[in-house]
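Spelled out, the chains give:
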2 protein chains.
Amino acid sequence: MSTKKISSVVIRRLPRYYRYLGELRDSGVERISSRELSVRMKVTASQIRQDLNNFGGFGQQGYGYNVEHLFNEIGKILGIDRPHSMIIIGAGNFGQAIAKYSDFRKRGFCLEGIFDNDPEKEGKEISGVKVQMMDKMPDFIRDNKIEIAALLVPKSAAASITKVLVDSGIKAIWNFAHTDLNVPDSIPVENVHLSESLMRLSYSLSGQGSQKERNAR
Amino acid sequence: MSTKKISSVVIRRLPRYYRYLGELRDSGVERISSRELSVRMKVTASQIRQDLNNFGGFGQQGYGYNVEHLFNEIGKILGIDRPHSMIIIGAGNFGQAIAKYSDFRKRGFCLEGIFDNDPEKEGKEISGVKVQMMDKMPDFIRDNKIEIAALLVPKSAAASITKVLVDSGIKAIWNFAHTDLNVPDSIPVENVHLSESLMRLSYSLSGQGSQKERNAR
């Protein structure tokens, strides 16, 4: 694996490659050319070659890509070749839906705890994990070396909880609160701003922007 | 409003401008310079000027941007100055969470129907909307001129339902199924691939990529 800096645009696209390669692998395909992959993924073959060249010599002229190898290499680059510990903050509708979503576990994201500040939810079991009160969270993160916190709380609560998460040594935040979090540079944040996604759809409805462009994002 | 083609990268960023301007407006701020906005949004002032220049003359040298005006103009560009009708397909955990999420209604996205193929869910009320069986969906879309379908079904069901949606005249799809949909170019699709978001977080955890880059995405 090359150690050179990969642009964030390419990184954005990697999970999609990973998904297609996983599907190909599961259906028994052993190798694929950039041209065939480009037809399936609806992006240009040259973009595929450029993107995958970032990771050095996976493709061979006249042979194509070894599906299994490329799948595994991208998995390593994405860091999903090892398990990650995760907690959910906020046991509301979205928090519960995330807790019950089995796809994450399949990818090695292990749900270790769920926290809420509603005493009525205390001890309630969601996907086999008991809801704990928020004041238990700092020790829990430290004691269990939790890496990722999925933040599913109202915007108004996000800043104060984020501070507690950072002080407790969280390594990364998956943020669903509709606000930008203020964290040290060393703590990555991945935002899922559903309202913004819906606004982009509303924009597209007005007829501007093509499907091709949207695929390339 | 300028009618020239705006790049999809700028469009991706517009909802975030819209959010910051809305917060500024709500806290009584009437105008703001690109420099002040750049400090708040943690992007460069020159990017802000470049982005907003796409929409023509909203900023004035030495005065800055009129917050209310810019907020409204971006709202118009995003098409959220008028209501949009929406249905939810799939009344599982995520479907119910989306149905109960009040932020969308505030932005003018009106939930008109919820559909599922589980007879046990038929007639169940979620956020004041009754779950209907899937076979009612085509007529419902036609009769009520539904614009947006939020697709919250398993990957395996996504393709066949998408075909029905397209044949019934849906205008846009908000896709949560972890697969790419095959639709005519005229029907915009906005994907929310949660697994991919989590993989990007996993990648960032490995220490590659900086916060600055992530903000700029």
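Our subject is the structure that appears above.
All of the points below concern the structure found in this document. None of the values given here were measured: they were computed from a predicted structure.

Focus: the relation of the copies chain A and chain B
Next, step 1: After a rotation of 180° and a shift along the axis of 0.0 Å, chain A superposes on chain B with an RMSD of 0.0 Å. This pairing of chains is accounted for by a two-fold axis.
Next, step 2: Both copies contact each other with a shared surface, as 100% of the interface residues of chain A are interface residues in chain B too.

A word on helix α7 (residues 137–144) of chain A
Three or four residues apart is the spacing at which side chains of an α-helix point the same way, because the helix has 3.6 residues per turn.
All names here are of chain A.
Next, step 1: Those residues of α7 that sit buried are Met137, Pro138, Phe140 and Ile141. Projection of α7 onto a plane perpendicular to its axis shows the buried side chains occupying an angular sector of 165°, all on one side.
Next, step 2: Phi turns positive one or two residues past the end of α7, at Lys145, with a value near 45°.

A short note on the sheet that holds strand β5 (residues 109–116) of chain B
Next, step 1: Reading across from one edge, β6-β7-β5-β4-β8-β9-β10 (chain B) is the order of the seven strands in this open sheet, with mixed pairing throughout. Edge positions in the sheet fall to β6 (125–126) and β10 (189–191) of chain B, since each of these pairs with one other strand and no more.
Next, step 2: Looking at chain direction, strand β4 (residues 84–89) of chain B and strand β8 (residues 148–151) of chain B are connected through four bridges and run parallel. If you follow Ile88 of chain B over to β8 of chain B, its bridge partner there is Ala150 of chain B.
Next, step 3: Contacts between helix α9 (residues 194–205) of chain A and the sheet are confined to β4, β5, β8, β9 (172–175) and β10 of chain B, with β9 of chain B contributing the most and set at about 160° to the helix.
Next, step 4: Those strands touched by helix α8 (residues 155–167) of chain B are β4, β8 and β9 of chain B, and its axis lies near 170° from that of β8 of chain B.

Details of the sheet that holds strand β7 (residues 129–133) of chain A
Next, step 1: Spatially, the seven strands line up as an open sheet ordered β6-β7-β5-β4-β8-β9-β10 (chain A), and their pairing is mixed. What marks the edges here is a single partner per strand, and that holds for β6 (125–126) and β10 (189–191) of chain A.
Next, step 2: Where strand β4 (residues 84–89) of chain A lies against strand β5 (residues 109–116) of chain A, six bridges are found, and the strand directions are parallel. Within β5 of chain A, the residue paired with Ser85 of chain A across the bridge is Cys110 of chain A.
Next, step 3: Running at roughly 160° to strand β9 (residues 172–175) of chain A, helix α9 (residues 194–205) of chain B makes contact with β4, β5, β8 (148–151), β9 and β10 of chain A of the sheet.

Structural notes on the side chain of Arg13 of chain A
Next, step 1: Positionally, Arg13 of chain A belongs in helix α1 (residues 8–26).
Next, step 2: A polar contact of 2.8 Å, which involves the side chain of Arg13 of chain A, links it to the side chain of Asp51 of chain A.

About the thresholds
Residues numbered from 1 in each chain as written. Chains lettered and ligands numbered in written order. Predicted model: local features only at pLDDT ≥ 70, side-chain atom pairs only at ≥ 80, totals over all residues. Heavy atoms only, no water. Least-squares fit on C-alpha atoms with pLDDT ≥ 70 in both. Contact = heavy atoms within 4.5 Å. Buried < 20%, exposed > 50% of the residue type's maximum accessible area, 1.4 Å probe, protein only. Helix = DSSP H or I, 4+ residues; strand = E, 2+ residues; numbered from the N terminus. Arc of directions from axis to C-beta. Pairing = 2+ DSSP bridges. Axes fitted to C-alpha atoms, helices over the stretch in contact; angles between N-to-C directions. Polar contact = N/O pair within 3.5 Å; in protein donor to acceptor, adjacent residues only side chain to side chain.

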